[in-house]
Amino acid sequence: MYTITGATGNTGKKIAEALIAKGQGVRVIGRSAERLRPLADKGAEPFIGSLEDASALTRAFTGMKAVYVMIPPNYQAENFRAYQNKVGEALSTAIAAAQVPYVVNLSSLGAHLPEKTGPIKGLYAMEQRLNKLDRAHVLHLRPTYFMENLFWSIHLIKTMGMNGSPLRGDLPIPMIATKDIAAEAIERLLRLDFAGKSTKELLGQRDLTMPETTRILGKAIGKPDLPYAQFSYEDAEKAMVGMGLSIDMARSFNEMYRAFNEGTLKPTEARSERNTTPTSIEEFSQVFAAAYKS
Ligand SMILES: NC(=O)c1ccc[n+]([C@@H]2O[C@H](COP(=O)([O-])OP(=O)(O)OC[C@H]3O[C@@H](n4cnc5c(N)ncnc54)[C@H](OP(=O)(O)O)[C@@H]3O)[C@@H](O)[C@H]2O)c1
């Protein structure tokens, strides 16, 4: 049996559904019975609990052959790093107490860097924490920037007729679709072919600049001339706070954007068949168009 955290989110939901379809026992963690219901209807065992609660997680992890863990975003956190540490400690304490043999941890590109990467610093700390567990075999998946982040632009496109972010327009980003991250996690959870502590970088189908991405999304929503503008970090902070993010979270994202722009946040491995994933931005643009129109 497997326990899946973040089970109503981008990656966890797809992983839980695929494992159920393969006839595996799946326990899904979330904070709301209602949000977990579609998975429960498919055969998953819902577990209502918080990822900040080590004793609940220990119960959720006991008897599992493997768990899929992540530290979810918390856009309202006044101190995001403290929140990440709390969730990270609870998860690793529970993995140790429940003696879970195999762990797939959703980490990130750049998680080898301890500083100046915004939210990814907390994932560096999480990798270090899990690497100290004596018994568990741990695979850290390190995907790059999610295509699903582009959903954040929908409001901007609708209200201003443009796309924008602090990312440089000439920056190549190997953006990835979350279904391709899930596919890797599913395969590795089924095979359990990792031993000790290891990492795997995951890149998208090809490198993309934001203006090219914007043109492709624009075409899918009937706006082929949709422009892209690079925003200043100050304007981006104001916009993110205006959308309801805490100041700490907005600054953390800006630190990450800066790390991308300055070239410190980039793949450590050359592109290869091993780390390249299949979903193109053209394919994702249809998903984006459906969300834009809904
Ligand atoms: N966005 C990127 O470009 C990027 C790139 C690399 C790595 N990452 C990493 O990917 C991770 C996010 O993965 P994702 O996109 O698959 O997740 P996601 O879609 O953000 O979903 C997270 C899930 O976690 C659950 N959750 C949130 N807080 C919780 C809590 N306190 N207790 C229990 N459950 C909680 C939520 O479910 P309920 O609301 O139903 O409880 C939600 O469905 C983060 O660690 C992020 O740093 C992101």
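Residues numbered from 1 in each chain as written. Predicted model: local features only at pLDDT ≥ 70, side-chain atom pairs only at ≥ 80, totals over all residues. Heavy atoms only, no water.

Direction vectors running N to C along helix H8 (residues 210-220) and helix H11 (residues 281-293) enclose 55°, while the axes themselves pass 8 Å from each other. Classified by the angle between their axes, H8 and H11 sit oblique to one another. Handedness of the crossing formed by H8 with H11: right-handed. Residues Thr213, Ile216, Leu217 and Ala220 of H8 touch H11, and the partners they reach there are Ile281, Glu282, Phe284, Ser285, Gln286, Phe288, Ala289 and Lys293. The class makeup of the residues in the contact of H8 with H11 is seven nonpolar, three polar and two charged. (Axes fitted to C-alpha atoms, helices over the stretch in contact; angles between N-to-C directions. Helix = DSSP H or I, 4+ residues; strand = E, 2+ residues; numbered from the N terminus. Parallel < 35°, antiparallel > 145°, perpendicular 65-115°, else oblique. Left-handed = near helix turned anticlockwise from the far one by under 90°. Contact = heavy atoms within 4.5 Å. Nonpolar A, V, L, I, M, F, W, Y, C, P; charged D, E, K, R; others polar.)

Now for the environment of leucine 156. Note on placement: leucine 156 falls in helix H6 (residues 154-160). Owing to a relative accessible area of 17%, leucine 156 belongs among the buried residues under this scheme. Contacts of leucine 156, omitting those with residues within four sequence positions, involve Gly161, Met162, Asn163, Gly164 and Phe231. (Buried < 20%, exposed > 50% of the residue type's maximum accessible area, 1.4 Å probe, protein only.)

Looking now at the sheet that holds strand S3 (residues 45-48). Strand pairing in a sheet relies on backbone hydrogen bonds, with the paired strands running either antiparallel or parallel. One open sheet holds the seven strands; their spatial order is S3-S2-S1-S4-S5-S6-S8, and the pairing between them is parallel. With one partner strand each, in any of the chains shown, S3 and strand S8 (197-202) form the two edges of the open sheet. Averaged over neighbouring strand pairs, the angle between their axes works out to 20° when direction is ignored. Two strands pair when backbone bridges link them, and strand S1 (residues 2-4) and strand S4 (residues 66-69) are joined in this way by three bridges, in the parallel orientation. Residue pairing in the sheet places tyrosine 2 in a bridge with alanine 66 of S4. Contacts between helix H7 (residues 178-191) and the sheet are confined to S1, S4, strand S5 (102-106), strand S6 (137-143) and S8, with S6 contributing the most and set at about 165° to the helix. (Pairing = 2+ DSSP bridges.)

Turning our eyes to something else, we now look at the domain arrangement of the protein. Taken domain by domain, the protein comprises domain 1 (2-147 + 176-202) and domain 2 (210-293). Domain 1 and domain 2 are separated by 23 Å when their C-alpha centres are compared. The interface is formed by 27 residues belonging to domain 1 together with 27 residues belonging to domain 2. The tally of links between domain 1 and domain 2 comes to two salt bridges. Put simply, glutamate 255 and lysine 121 hold a salt bridge, and the shortest N to O gap is 2.9 Å. (Domains from an automatic or database assignment. Salt bridge = Lys/Arg side-chain N within 4 Å of Asp/Glu carboxyl O.)

The environment of the ligand is formed by 26 residues, the closest being Thr8, Thr11, Arg31, Ile71 and Asn149. In the environment of the ligand, an oxygen atom lies 2.6 Å from a nitrogen or oxygen atom belonging to the backbone of isoleucine 71. Coverage of the ligand by the protein chains reaches 86% of its 940 Å² of free accessible surface. In this structure, the ligand is accommodated by the largest pocket. Residues belonging to the shell around the ligand are distributed by class as follows: 11 nonpolar, 12 polar and three charged. (Near = heavy atom within 4 Å. Polar contact = N/O pair within 3.5 Å; in protein donor to acceptor, adjacent residues only side chain to side chain. Areas by Shrake-Rupley, 256 points an atom, 1.4 Å probe, with all protein chains shown as cover. 1 Å grid on protein atoms, 1.4 Å probe; cavity = no way out; pocket = protein on both sides within 12 Å on 5 of 7 lines; lining within 4 Å. Sits in = over half its atoms within 2 Å of the grid points.)

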